[in-house]
Amino acid sequence: MWLVLCDRNDAAGVWIHSALRSRGLAPLGLVTGEDLAFCDGWEHRVGRSGATIRFRLESGLTIRGEDLRGVVNRLYTAPIPQWRSARKVDREYVQQELLAFHMSWLHALRCPVLNRPTPQGLCGQWRPESEWVWLAQKAGLQTPRYRQSTRDRIDEASGQRRLLPPGALVRTAIVVEGIATGERIPPAVAEGCRRLWRLAGSAFLGIDFAEGAAGPWTFAGATPVPDLRLGGELLAATVLARLTAPAAST
Amino acid sequence: MILLCGIPSEPPLVLVAGALEQLGAPYVLLNQRRFADTAMAFEIADATLTGWMEIDGEGYPLQAIEAVYTRLMDFRMLPELRDVPETSEPWQHCSALHDVLTRWSEICPARVVNRVASMGSNSSKPYQAQLIRRHGFEVPDTLVTGDPDRVLDFRARHGRIIYKSSSGIRSIVRPFEDEDVERLPAVRWCPTQFQEYIEGTDVRVHVVGKEVFPTRIESSATDYRYAQSEVGEAARLVPTELPDLVAESCVRMTEALGLAFAGIDLKLRPDGRVYCFEVNPCPGFSYYEANTGQPIAMAVARHLAGRTQ
């Protein structure tokens, strides 16, 4: 079977699940982070013979790693609703334990996993804007000047961004399998997007552009969890091909 | 110029600073506790990374920093920030300083011991165990489960088992005893990591670049770091040697994880099998150096100074 893993409020995750199902991918499950919080029978083994995973959803369906043929992974956190009333220090501990656990079993899957977990993110490597700018320059994209100092009071955790002025018009390219999808992207920019995708090392990469000092396609940020809906039909078809390719692994 | 970051009285930092002085290698110390007297900025423009750092009124161009050794503690735990609100200027400045320092050190061309991204594998021990296996080491049979019956089956199969955290938090190894069975249903609340107990000799291997410092640990405690409280007697640490193949595997694994310096926990079985439990990317090596005289700090200093053997 195939799985789409995402947050309960992830509209793009629900969209790709629907798009893949309408293209005949079956059996295909949609499992949210909240669903995982209420799974039981977790059994993850690591040892001489490799690594395995087995768990049972609240519906009673048992998932075995060896039965999975492909996963779209957009999990970026591990919800712990059952720990809501615990002490903060215990909640933080459990959160770290679950992140460590989910990273391990997702890494152990032998089927294609788009995106594979990394220590910097359950669904691919999160990077600060400075690192994205550094990589985007290497990829040959037009980038703005990036400056950061101890005088700054920008809170990225609350959505503030250094590269994107408030209200700026953003255009987004989604790269999957080396194919740049999204709005009409000039060929030179698309080539830069592909180079950045290779440097980033994740299956999905969303790349934002805005009008800036370096021109109308000035790099404005990137994410391993893009809004897949922007990639439309081409993206859905590419993901389907990747998940069903014979003996594929990512 | 070499940049040392952390608290100056912390033993590993003391030892590395001392070794750099012996080498005559110039260094500057960023004292975490004196964050209020430290400022830093960097800029990326035209494919170039430049910047400036000011410590106690003295300025340094970041382009002149050739190497960085970080022993930073979680800044939120600094005594200077106790009872200080997160919205206050001191807290905000301290947070901004650590953010600037980390971001710059992740992309700067200096020799960084170690970059944050490379240290990440240690945040999930079962994940890291999968990486360790690729380098030819044995890893203990491990079960992470939320099912008490699976734990009892696992114990029946292996006899002696231990439990420990999956993440890097509260990472103390404890034996699973009969009295633990009663509270086993608690694992339903959070999948918990259990491992077969491996008999053998504990060896901590510090790897610095291609240099290897193996230390044999003699103790009857399950977690020798806590031997004094666990068995009433501190562990005895002795310099030892490793078979060439094992030493080479330690070096290769450290390099593959993107680390310049690591502390690797091995268990050597009497039958010759070598188990690896963990690769620590920020080893507190001073405990081993103080007990054995192994020149680990000097190796780190040579690496930082670009004078590797």
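Residues numbered from 1 in each chain as written. Chains lettered and ligands numbered in written order. Predicted model: local features only at pLDDT ≥ 70, side-chain atom pairs only at ≥ 80, totals over all residues.

Enquirer: What is the right way to read the overall build of chain A from this model?
Expert: Helices and strands together make up the secondary structure of chain A, namely six helices and twelve strands. Here the C-alpha atoms of chain A give a radius of gyration of 19 Å, agreeing with the 18 Å that 2.2 N^0.38 yields for 250 residues. Projecting the C-alpha coordinates of chain A onto the three principal axes gives extents of approximately 55 × 45 × 35 Å. Counting across all 250 residues of chain A, residues that qualify as buried make up 45%. Sequence separation of 24 or more characterises 63% of the internal contacts of chain A that already satisfy a separation of 6 or more. (Helix = DSSP H or I, 4+ residues; strand = E, 2+ residues; numbered from the N terminus. Rg over C-alpha atoms; globule rule 2.2 N^0.38 Å. Buried ≥ 20, exposed ≤ 12 C-beta atoms within 10 Å, placed from the backbone. Contact = placed C-beta atoms within 7 Å.)

Enquirer: Please clarify how the interface of chain B and chain A should be interpreted in this entry.
Expert: Frequently, the measure chosen for interface size is the accessible area removed from exposure when the parts meet. The partner chain A presents 39 residues to the 45 residues of chain B that form the contact. Taken together, the elements giving at least two residues each to the side of chain B that touches chain A come down to strand 3 (38-45), helix 2 (89-107), helix 4 (125-133) and strand 8 (142-145) of chain B. By residue number, the principal contributor to the side of chain B that touches chain A is helix 2 of chain B, which donates eight residues. Looking at the side of chain B that touches chain A residue by residue, the class counts come to 22 nonpolar, 13 polar and ten charged. (Nonpolar A, V, L, I, M, F, W, Y, C, P; charged D, E, K, R; others polar.)

Enquirer: Could you clarify how one ought to interpret the sheet that holds strand 1 (residues 2-6) of chain B in this entry?
Expert: Paired through their backbone hydrogen bonds, the strands of a sheet run either parallel or antiparallel. Residue and element names in this part refer to chain B. Here four strands make up an open sheet; going across it, the order is 2-1-6-7 and the pairing parallel. Two strands bound the open sheet, and with one partner strand each, they are strand 2 (27-31) and strand 7 (111-113). Strand after strand, the sheet turns through a mean of 15 degrees between neighbouring axes, direction not considered. Along the sheet, helix 1 (residues 11-23) contacts strand 1, strand 2 and strand 6 (67-70); its crossing angle with strand 1, the most-contacted strand, is approximately 165 degrees. Together, strand 1, strand 6 and strand 7 form the strand contacts of helix 9 (residues 296-304), whose direction differs from that of strand 7 by roughly 150 degrees. (Pairing = 2+ DSSP bridges. Axes fitted to C-alpha atoms, helices over the stretch in contact; angles between N-to-C directions.)

Enquirer: I tried to follow the packing of helix 3 (residues 88-108) of chain A against helix 4 of chain B on my own but got confused; where do I start?
Expert: What describes two packed helices is the angle between their axes and the distance between those same axes. Orientation of helix 3 of chain A relative to helix 4 of chain B, taken along the N-to-C sense of each, is 35 degrees, at an axis distance of 7 Å. Residues Ala100(A), Met103(A), Ser104(A), His107(A) and Ala108(A) of helix 3 of chain A lie in contact with helix 4 of chain B, whose contacting residues are Lys125(B), Pro126(B), Tyr127(B) and Gln130(B). For the contact of helix 3 of chain A with helix 4 of chain B, the class distribution of residues is five nonpolar, three polar and one charged.

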